[in-house]
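Listed below are the residues making up each chain.
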Amino acid sequence: MRKRRRKKRRSNKKFIRISQIMIGIILVVGIIIAFNQYRINKDKIVYSNDVANGQSSDSDNKSNEVTAAEDNKGVPVLCFHSISDDPKAKSSIVIPKDKFKQDLQAVKDYGYTTLTIAQLNDYLFNNKPIPKKSVVISFDDGYKDNYTNAFPILKELNMNATIFVISSYLDGQVYMTPDEVKELSNYGIDIESHTFDHKQLSTLSYDEQYKELKDSKDSLEKLIGKPVTAIAYPEGKYNDDTKKAVVEAGYSMGFTIERGYADKDDSRVLLNRICIDYTYKPSDIKKVLENLRK
Ligand SMILES: [Zn+2]
């Protein structure tokens, strides 16, 4: 009897121990399954936000944008001229190719977006948002080297730019050919006016100014098949007649070379720009983009 009872007690103990092991296994398996499920769900959430794809969400984009009504800091409109390694070209407005590339690379590295002329117009006068760090790259005169030297760099860095062309100067020697201007326009570079004959507008009568402005607008529009909406005044010179003639000739924006950002408090025919010469270092470009000092 005693033997049998002892046997029964032993088998009870065995049963309890097996049960404990079974419960332990079930618990461990359960925890593993639950943890895996959590990881899958976590991945799903990450994926649905597109962060896993390296894309930012809409709310991120919006926080990086600004309208002129929210902040009228304005947009730096950089003004370049000739981009050339020609040793005979010894003017401060001639920038060697490598240096120009460093300047544009600095613009990119500092996180700036290059705007088209239409985007600048919409920001200034239609309260459309632009990225907080925005800049316009512009060139005056329409030199041949804008096509041969600047264009490949703009393409490589995927940047927008505007070239203010003197419409009667398209000789293919010092300046671009009409075909080159057309090719740039077709690519997406904005072709705008720098008058018909590069005369200092402030020395002309109203009628003469109007003719300089209108003739260049008409001939450039005929060449590129797109509206020409902006003008840069030769040597930045203008007077009260210029302001009227620009509007009468059908332009919506006029650019000076008065140093400052283009903001909505400027008259639309007196927009500031910042001329960049060969003395600028990439660190100077940063200063100019962020607070204008050099
Ligand atoms: Zn000029």
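In case you missed it, the structure is sitting above this.
One structure accompanies this document, and this report is about it.

Procedures and definitions
- Along each chain, numbering runs from 1 in the same order as the chain's sequence is written.
- Reporting of local features is limited, given that this is a predicted model, to residues whose pLDDT is at least 70; pairs of side-chain atoms are given and counted only at 80 or more, and all residues count toward the totals for whole chains, interfaces and linings.
- To obtain the side-chain values, all non-hydrogen atoms of the structure were included, while hydrogens and water were left out.
- Two aromatic rings, drawn from Phe, Tyr or Trp (for Trp, its six-membered ring), form a pair once their centres lie within 6.5 Å of each other, and the interplanar angle then sorts them: stacked below 30 degrees, edge-to-face above 60, tilted otherwise.
- Comment: elements are numbered from the N terminus, with helices defined as DSSP H or I runs of at least four residues and strands as E runs of at least two.
- To sort residues, take the accessible area from a 1.4 Å probe on protein chains only and compare it with the maximum for the residue type: under 20% means buried, over 50% means exposed, and anything in between is partly exposed.
- The set of buried Ala, Val, Leu, Ile, Met, Phe, Trp, Tyr and Cys residues whose side-chain atoms join them within 4.5 Å is what this entry labels a nonpolar core.
- By definition, residues are in contact when any of their heavy atoms lie within 4.5 Å.
- Only nitrogen, oxygen and sulfur atoms qualify as donors, provided they sit within 2.8 Å of the metal or within 3.2 Å for Na, K and Ca; with water excluded from the atoms, sites may seem incomplete.
- Here a helix's expected span is defined as the number of its residues, less one, multiplied by 1.5 Å.
- The arc under discussion is defined with respect to the helix axis, by the directions toward the C-beta atoms.
- Angles shown run from 0 to 180 degrees and are taken between the N-to-C directions of axes, each axis being a line fitted to C-alpha atoms and, for helices, limited to the stretch in contact.
- In these notes the angle categories are as follows: under 35 degrees is roughly parallel, over 145 is roughly antiparallel, 65 to 115 is roughly perpendicular, and the rest is oblique.
- It is the rotation of the near helix from the far one that decides the hand of a crossing: anticlockwise by less than a right angle makes it left-handed, clockwise makes it right-handed.
- Three classes are used: nonpolar for Ala, Val, Leu, Ile, Met, Phe, Trp, Tyr, Cys and Pro, charged for Asp, Glu, Lys and Arg, and polar for all others, with Gly counted as polar.

## So, the packing of aromatic side chains
Consideration 1: Here the structure, examined in full by the defined rule, presents 9 aromatic pairs.
Consideration 2: Relative to Tyr 175, the ring of Tyr 143 lies with its centre 5.3 Å away and its plane at 15°, an arrangement referred to as stacked. Of the two residues, Tyr 143 is situated in the loop between strand 7 (134–141) and helix 5 (144–157) and Tyr 175 in the loop between strand 8 (162–165) and helix 6 (178–187); the sequence distance between them amounts to 32 residues.
Consideration 3: When its relative accessible area of 14% is taken as the criterion, Tyr 175 is described as buried.

## Description of the nonpolar core
A general feature of soluble globular proteins is that nonpolar side chains tend to end up buried together.
Consideration 1: Within the largest apolar cluster, 49 residues are counted, with the highest numbers of intra-cluster contacts made by Leu 78, Phe 80, Phe 100 and Phe 139.
Consideration 2: A total of 6 residues in this core trace back to one element, the largest contributor, which is helix 5.
Consideration 3: Setting aside its immediate chain neighbours within four residues, Phe 80 contacts Ile 95, Phe 100, Asp 103, Ile 137, Ser 138, Phe 139, Asp 140 and Ile 276.
Consideration 4: Grouped together as the second largest cluster of nonpolar side chains are 18 residues, Val 77, Val 136, Met 253 and Phe 255 included.

## Describing the coordination of the zinc ion
Consideration 1: Each protein donor to the zinc ion is listed here as Asp 141 (OD), His 194 (NE2) and His 198 (NE2); together their distances run 2.1 to 2.2 Å.
Consideration 2: The sequence pattern describing where the donors of the zinc ion fall on their chain is D-x52-H-x3-H.

## Observations regarding helix 3 (residues 97–109)
Consideration 1: Its 13 residues place the ends of helix 3 18 Å apart at the C-alpha level, agreeing with the 18 Å of an ideal helix rising 1.5 Å per residue.
Consideration 2: Buried within helix 3 are the following residues: Phe 100, Asp 103, Leu 104, Ala 106 and Val 107. Each buried residue of helix 3 lies within a common arc of 150° when the element is viewed along its axis, so the set occupies one face. Pointing more than 90 degrees away from the buried face of helix 3 are the exposed residues Asp 98 and Asp 109.
Consideration 3: Where helix 3 is buried, its residues contact strand 2 (77–80), strand 3 (82–83), strand 4 (94–95), strand 7, helix 5 and helix 9 (282–290).
Consideration 4: Gly 111 sits one or two residues past helix 3 and shows a positive phi near 85°.

## Digging into the packing of helix 7 (residues 206–224) against helix 8 (residues 240–248)
Any two packed helices are characterised by how steeply their axes cross, that is the angle between the axes, and by the distance between the axes.
Consideration 1: Contact pair helix 7 / helix 8: the axes reach a minimum separation of 9 Å and the direction vectors enclose 40°. Accordingly, the angle class assigned to the pair helix 7 and helix 8 is oblique. As helix 7 runs across helix 8, the sense of the crossing is right-handed. Between helix 7 and helix 8, the residues in contact are Tyr 206, Gln 209, Tyr 210 and Leu 213 and Asp 241, Thr 242, Lys 244, Ala 245, Val 246 and Glu 248, respectively.
Consideration 2: Looking at the contact of helix 7 with helix 8 residue by residue, the class counts come to 5 nonpolar, 2 polar and 3 charged.

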